[in-house]
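# Breakdown of the fold
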Amino acid sequence: MVYNLLSQVRMRIFLVSLVLLLSQIAIASPDQKSFDYAKMFDLTRQALIGRPQIKKFLKEAFEELLIVDENLQKQYGFKEKIKDLSESQFILLLSHYPELWPTIELYLKKVPAEVDTDNEKQAILRQKFREELKAFFEDKDVVEKMAKINNPTEAVILNTKDGSPGILEQEIYFNHESFYKGKKLPPTDLSELWVKALDNTKKEYMINSFEFDLDNVANAAIRAKERGVDGIIGVDKNMVEGPEARQSVKDVVARMKKAGVNITYVDPTGLNHQKFGVFDWSLPEVATVVASSGNLTKSCSGPQGDLTGLELKNQKDSIWGNPNANHTVVTKSPILAVVAHHTLYKTLVMKLRGVQDNLEAKTFGYPLSGAFQIMSKEGWVIFTTTPGGSIGNPNKDMFSRMLWHARDFTPTIIAFALSSSDIEDVLYQVAEYKKQNGKDFIVNAVADKPFALANWSVFLKILGLKVNETSRMIEKDEESRWRKLLGDDGIKKLEKSLFVGPAFYKEKQVELIDGTKVKAAAKIHHKVLQAGPYSSAGSSFNNSNAATSNQEQVFVWKSQYFSDRILGALEGLKRHTRTTIKRMAEIKNGYLTEYVEKANCPKTLKKVSGF
């Protein structure tokens, strides 16, 4: 009876929550009792990971609160019920009921993790705790309160005790020309941001990166070790030991290990794709998070890309010394640092893998993480990591919602690889909305050339194009829903705003002073979606269907400053390219020879033709 009544109340609460989401108003619960997030995340790691009995019990206790509002199901394709209790919901529970902590701690201390079915004493002890916890969750006041404050599809807000912003400082840096308020800004050496973070570290750090071959950052890690700083660095195992291992990574990693730096090889089910670090999370006044779209490699973060530290025979070849186009976000925030430490601890120390537990092998997968929202001076950030990110799929759970909420703005995309069907779907919904309101559907974009023309490219799809599986030519897709929606005029308008990266983002062979020939390869490597004041700055997450299985860091910011800087980065890239994705498709088909008219870019002839 109580649950039936609460179900009706909960539905109304969900609708109110949806309105709050769309207005982006974050309201803290007035009766939140604890702000000791470090303790809460520690309990979360102990209770939800390695203790399947606790996770199963909590899922059953929360079952009525895992149902998703019908409007959200319809709008975003969510399932009727969230599959599991997320970490964020558990944190929500702990923050409002600190009186529950001693019971959980006593359970963890007294009850063994491994179930012994023949141990009667253990069985009695488990039953005792189960009854005590069950009584708590069946308490009418608890049920009513959780029904009011809980929404499994929302990020849980982590407030400060005094209501001040949880983010103290935030800055974004680009390693290529960009603009801000009409002023041209020079590139930033992204590797030096990592050096500065390590050199400023007083007590502890954790870093995780797909690859690592930056000598200056390795030197900073060695200096930190010599100062007695407690640190750990994770690198994808396959980049050091597998068939795809690179010698430069092996050399730098070996040098750090020899100096005593704690290195761990991450063995993921997908890719260990994070480019992410946290520094001094237990020191609130200096706690810092560094998050990048680029790996800790010369190609991604070095000042001259693959040519960083090399002596060239012909200095004119230095124009090919470009790092992959990337950005890095540096955030000072004691709360974000605690969350970042929690997520990196699961990977680097607990060595979780995938999302499935294997109790026989005593290995555990990442739990459903949910997402966490932290307030800043001008807005907020929502943060999660994959696998298990948000409620299972950040493309749908976070980025689709962001783009739909900002549907009155023009989206900006700077992308290495854009293949997510969820992102295509929400862009199509935005295009429908624009057409219904008599507006053109435009996307401002700069994309990496090869991936922009791949058969899975969202850019090709929204242009009404496809790759012929037999000839491999790019051709019109006469059955395209986009052509039917936008018509020829709409497609032509869209074509003019979608570009590939400048010509110097390509592969080029150059000669060193000793006669050795090396390859310099640069690409557009950002993973940026932006619309209005919202953006994915600092994410390592390519908007692909496969990225949800990787180790990734995922951000959604409400920051007009970040959005303005991203638009300035787009302008910086577009000033050096005249080649649209449509023109690049013609070039690939052989109809045109690429030509560029900007400085530092080679010129070739053009043939006037097209499809």
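Refer to the structure presented above.
Notes on the structure in this doc start here. None of these values were measured; they are calculated from a predicted model.

Our focus in this paragraph is the overall build of the protein. On a plain count of helices and strands, the protein comes out with 20 helices and 22 strands. Sorting the 611 residues of the protein into buried and exposed places 57% on the buried side. Taking contacts inside the protein between residues at least 6 apart in sequence as the whole, the part at least 24 apart equals 73%. Accessible surface, the protein as shown: approximately 26,500 Å² in total, 50% of it carbon and sulfur.

What follows covers the packing of aromatic side chains. The tally for this structure, following the rule as stated, stands at 21 aromatic pairs. Relative to Phe129, the ring of Tyr107 lies with its centre 5.3 Å away and its plane at 85°, an arrangement referred to as edge-to-face. Here Tyr107 is found in helix 6 (residues 101–110), whereas its partner Phe129 is found in helix 7 (residues 120–138), with 22 residues between them in sequence. Considered together, Tyr107 and Phe129 belong to a single accessibility category, that of buried residues.

Turning our eyes to something else, we now look at the sheet that holds strand 14 (residues 444–447). Read across the sheet, 9 strands follow the order 1-11-12-22-21-20-13-14-17 without closing on themselves; strand pairing throughout is mixed. Two strands in the sheet have a free side with no partner beyond their single neighbour: strand 1 (156–157) and strand 17 (498–500). The pairing of strand 20 (residues 527–531) with strand 21 (residues 534–535) spans 2 bridges and is classified as antiparallel. What sits directly across from Gln530, in strand 21, is Ser535.

With that out of the way, let us pick up the nonpolar core. Counting 79 residues, the largest nonpolar core has Phe90, Leu93 and Leu158 as its most contacted members. Among the elements that make up this core, the one with the highest residue count is helix 13 (residues 334–348) (8 residues). If we ignore the near neighbours within four places in the chain, the residues touching Phe90 are Leu43, Thr44, Ala47, Leu48, Leu58, Leu85 and Ile104. Ranked by size, the runner-up nonpolar core spans 54 residues in total, among them Ile413, Val426, Val430 and Tyr534.

In this section: the packing of helix 2 (residues 37–48) against helix 5 (residues 87–96). Where helix 2 meets helix 5, the closest approach of the two axes is 10 Å, and the angle between their N-to-C directions is 125°. Classified by the angle their axes make, helix 2 and helix 5 are oblique. Relative to helix 5, the crossing made by helix 2 is right-handed. For the pair formed by helix 2 and helix 5, the contact residues are Met40, Phe41, Leu43, Thr44, Ala47 and Leu48 on the first element and Glu87, Phe90, Ile91, Leu94 and Ser95 on the second. Split into classes, the residues belonging to the contact of helix 2 with helix 5 amount to 8 nonpolar, 2 polar and 1 charged.

Its 15 residues give helix 18 (residues 481–495) an end-to-end C-alpha distance of only 16 Å, which falls more than 12% under 21 Å, the value for a rise of 1.5 Å per residue. The principal kink in helix 18, of about 100°, is found at Gly487. Within helix 18, burial applies to Trp482, Arg483, Leu485, Leu486, Gly490, Ile491, Leu494 and Glu495. One side-chain oxygen at the N-terminal end of helix 18 lies 3.0 Å from the backbone nitrogen of Trp482; it belongs to Ser480.

With that out of the way, let us pick up the environment of Glu311. For Glu311, the location among the structural elements is in the loop between helix 12 (298–301) and strand 10 (327–332). Once the C-alpha coordinates of Glu311 and Glu511 are considered, the two residues, 200 residues apart in sequence, prove to be 8.9 Å apart. If near-sequence neighbours (up to four positions away) are discounted, Glu311 is found in contact with Leu512 and Ile513.

So, on to the pattern of salt bridges. Evaluation of the coordinates by the stated rule reveals 19 salt bridges. As a salt-bridge pair, Glu154 and Arg401 come within 4.0 Å of each other at their nearest N and O atoms. Taken together, the positions of Glu154 in the loop between helix 8 (140–149) and strand 1 and Arg401 in helix 14 (residues 394–405) put the pair 247 residues apart, joining distant regions of the chain. What makes Arg401 buried here is its relative accessible area of 7%. Among the ionic pairs, Arg255 bridges to Asp215, the shortest N-O distance being 3.3 Å. Here Arg255 is found in helix 11 (residues 247–258), whereas its partner Asp215 is found in helix 10 (residues 215–226), with 40 residues between them in sequence. Of the residues examined, Arg255 reaches a relative accessible area of 32% and is grouped as partly exposed.

Bringing helix 2 into the picture now. Compared with an ideal rise of 1.5 Å per residue, which puts 12 residues at 16 Å, helix 2 spans 16 Å between its outermost C-alpha atoms and is within 8% of the ideal. Buried within helix 2 are the following residues: Tyr37, Met40, Phe41, Leu43, Thr44, Arg45, Ala47 and Leu48. Immediately downstream of helix 2, the backbone of Gly50 shows phi near 85°, a positive value.

On to the environment of Ile319. By the secondary structure assignment, Ile319 is in the loop between helix 12 and strand 10. Classification of Ile319 by relative accessible area gives partly exposed; the value is 31%. Taking the C-alpha atoms as reference points, Ile319 and Phe504, separated by 185 residues in sequence, lie 7.6 Å from one another.

Okay, the side chain of Gln170 next. For Gln170, the position within the fold is in strand 2 (residues 169–174). Here the side chain of Gln170 touches Ser559 through a polar contact of 3.3 Å, side chain to side chain. The residues contacting Gln170, other than those within four sequence positions of it, are Val330, Thr331, Ser376, Glu378, Trp557, Ser559 and Phe562.

Let's shift gears to the sheet that holds strand 6 (residues 230–236). Pairing within the open sheet is mixed, and its 7 strands lie in the order 2-10-9-8-5-6-7. The open sheet is flanked by strand 2 and strand 7 (263–266), the only strands paired with a single partner. Neighbouring strand axes in the sheet, compared pairwise and without regard to direction, differ in orientation by 10° on average. Judged from the 6 bridges that link them, strand 5 (residues 204–209) and strand 6 form a sheet pairing that is parallel. Note on strand 6: the bridge partner recorded for Met206 is Ile232. Running over the sheet, helix 19 (residues 560–574) touches strand 2 and strand 10 and is turned about 5° from strand 2.

Cut-offs and rules
- Residues numbered from 1 in each chain as written.
- Predicted model: local features only at pLDDT ≥ 70, side-chain atom pairs only at ≥ 80, totals over all residues.
- Heavy atoms only, no water.
- Helix = DSSP H or I, 4+ residues; strand = E, 2+ residues; numbered from the N terminus.
- Buried < 20%, exposed > 50% of the residue type's maximum accessible area, 1.4 Å probe, protein only.
- Contact = heavy atoms within 4.5 Å.
- Areas by Shrake-Rupley, 256 points an atom, 1.4 Å probe, with all protein chains shown as cover.
- Phe/Tyr/Trp six-rings, centres within 6.5 Å; stacked < 30°, edge-to-face > 60°.
- Pairing = 2+ DSSP bridges.
- Core = buried A, V, L, I, M, F, W, Y, C linked by side-chain atoms within 4.5 Å.
- Axes fitted to C-alpha atoms, helices over the stretch in contact; angles between N-to-C directions.
- Parallel < 35°, antiparallel > 145°, perpendicular 65-115°, else oblique.
- Left-handed = near helix turned anticlockwise from the far one by under 90°.
- Nonpolar A, V, L, I, M, F, W, Y, C, P; charged D, E, K, R; others polar.
- Expected span 1.5 Å × (residues − 1).
- Bend = angle between axes of the 7 residues up to and from the residue.
- Polar contact = N/O pair within 3.5 Å; in protein donor to acceptor, adjacent residues only side chain to side chain.
- Salt bridge = Lys/Arg side-chain N within 4 Å of Asp/Glu carboxyl O.

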